[in-house]
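Residue-level listing of the chains:
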Amino acid sequence: KFLMMRNILIWACFLLAFTTTYAQDLYSYRGFDAPVGVTEYGGYYYLSNEGKGKGLTMEGEDGYISRIKSDGSQEEAEMRFITEVHSPRGMIALKGTLYVCDANQLIGFDLRTKKSIFELDFSKENTQQLTGIVADGDDVYVSATDINTIFKVDLAKKKYTKWTEVTSPCGLLVSKNQMYVCSWGTDSLPNGRLGVIDINKKAYATIGDYEGYLWGLALNGKKLYFSDWVGFGKRGVICWINLETKETGQVPLTSKIGGPADFVYDSRNNIFIIPAILEGRVYGAMGF
């Protein structure tokens with residue numbers, strides 16, 4: 001209990017150092033430009049920013065990757081840790097390389113030197129919205145929201161194949177040969193669904209009846225959490241479904257979130273880090 005309280009107090013001090021906003025169960029720090037994705041690696045959170053005023057567009061030239069210490073210390077954030085990107089979204093770090101979904105490219109950066117060491121072009125697929133990325137052992141999967149496709153990537157050979165089709169896939173998460181998928185929706189309507197794919201059989205099935213503008217995923221025990229924008233503005237929520245009982249619910253945060261995107265659960269610090277695209281903020285919520 002002491003360690004948990006210590007972590008909470010550290011995070012409260014850390015997050016308040018960046019903002020004047022405070023709520024009982026939700027903290028935020030600001031100064032970002034349409035933050036979309038977050039991943040944790042080597043004691044740091046890496047945050048993708050699409051750029052000033054870009055929202056969901058993919059035409060920006062001013063995107064960047066931020067780096068923040070994940071242990072709650074008040075070390076100054078490196079807001080523009082990597083700038084050689086356009087409109088970055090989902091990210092994953094593997095063996096010292098940060099792989100970034102950037103419009104129609106998958107780019108890899110050496111986290112020690114910050115230099116680009118990997119590039120895979122998807123432009124022939126007529127996509128501008130590579131959004132989610134997940135690793136399953138040596139296999140990497142990338143979602144292309146605008147063309148209803150999930151690609152499988154061979155990093156060693158710098159090649160990809162069309163793996164399966166899913167309606168407007170955004171966030172991806174893998175656990176025990178199951179790939180969970182959030183769908184954004186079609187025709188600008190909040191009709192995105194939560195689904196699961198058996199990786200071995202590539203068989204897709206929806207989970208529950210919930211519909212919305214769904215984006216990010218995180219797993220904590222038996223509960224699968226997902227973000228829903230609900231609408232445009234400060235209306236977003238974080239919901240959950242118990243994968244065993246199928247019981248569903250909404251996290252009782254004291255504030256709505258403007259465009260909750262590709263968030264992450266950091267089990268070591270017992271905290272969810274949630275980028276808010278429409279607010280230029282990143283939220284932290286502890287102990288869902």
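About the criteria used
- Throughout, a residue's number is its position along its own chain's written sequence, starting from 1.
- Since the coordinates come from a predicted model, pLDDT governs what is reported: local features require at least 70, and pairs of side-chain atoms require 80 or more to be given and counted, while whole-chain, interface and lining totals use all residues.
- With hydrogens and water set aside, each side-chain value is computed from the structure's full complement of heavy atoms.
- Counting from the N terminus, the helices are DSSP H or I runs at least four residues long and the strands are E runs at least two residues long.
- Only protein chains enter the accessibility calculation, which uses a 1.4 Å probe. A residue is then buried if its area is under 20% of the maximum for its type, exposed if over 50%, and partly exposed in between.
- Any two residues whose heavy atoms approach within 4.5 Å at even a single point are treated as in contact.
- Buried and open spaces are told apart on a 1 Å grid over the protein atoms alone, a cavity being a set of points where a 1.4 Å probe fits but cannot get out and a pocket being an open set with protein on both sides within 12 Å along at least five of seven lines. Residues with an atom within 4 Å of a point are the lining residues.
- Grid points are joined across faces, edges and corners, and a volume is the space filled by probe spheres set on the points.
- Under the grouping applied here, Gly and all other residues not named as nonpolar or charged are polar, the nonpolar ones being Ala, Val, Leu, Ile, Met, Phe, Trp, Tyr, Cys and Pro and the charged ones Asp, Glu, Lys and Arg.

**Student:** Could you give an account of the side chain of Ser-168, with specific residues and numbers?
**Tutor:** Of note, Ser-168 is situated in the loop between β13 (159-165) and β14 (169-175). Classification of Ser-168 as buried rests on a relative accessible area of 3%. Aside from chain neighbours lying at most four places away, what touches Ser-168 is Thr-145, Asn-148, Cys-182, Ser-183, Trp-184 and Gly-185.

**Student:** Please give an account of the environment of Ile-150 that cites residues and values.
**Tutor:** Along the polypeptide, Ile-150 turns up in strand β12 (residues 149-154). Excluding its chain neighbours within four sequence positions, the residues that come into contact with Ile-150 are Tyr-141, Val-142, Ser-143, Lys-162, Trp-163, Thr-164, Val-166, Pro-169, Leu-172, Met-179, Val-181 and Ile-197.

**Student:** Tell me what's going on with the layout of surface pockets, and back it up with residues and numbers.
**Tutor:** Its boundaries defined by the atoms lining it, the largest pocket holds a volume of some 460 Å³. As for the largest pocket, its lining consists of 19 residues, of which Val-134, Leu-172, Leu-173, Leu-217 and Val-264 are closest to the centre. Sort the elements by how many residues they give to the lining of the largest pocket and β14 lands first, with four residues. Partitioned by chemical class, the residues of the lining of the largest pocket number 15 nonpolar, two polar and two charged. When its volume is computed, the second largest pocket comes out at roughly 220 Å³. If you go around the second largest pocket, the residues you meet are Leu-94, Lys-95, Tyr-99, Gly-137, Asp-138, Asp-139, Val-140, Val-153, Asp-154, Leu-155 and Ala-156. Listing elements by their share of the lining of the second largest pocket, those giving two or more residues are β11 (139-144) and β12. Residue composition of the lining of the second largest pocket, by class: six nonpolar, one polar and four charged.

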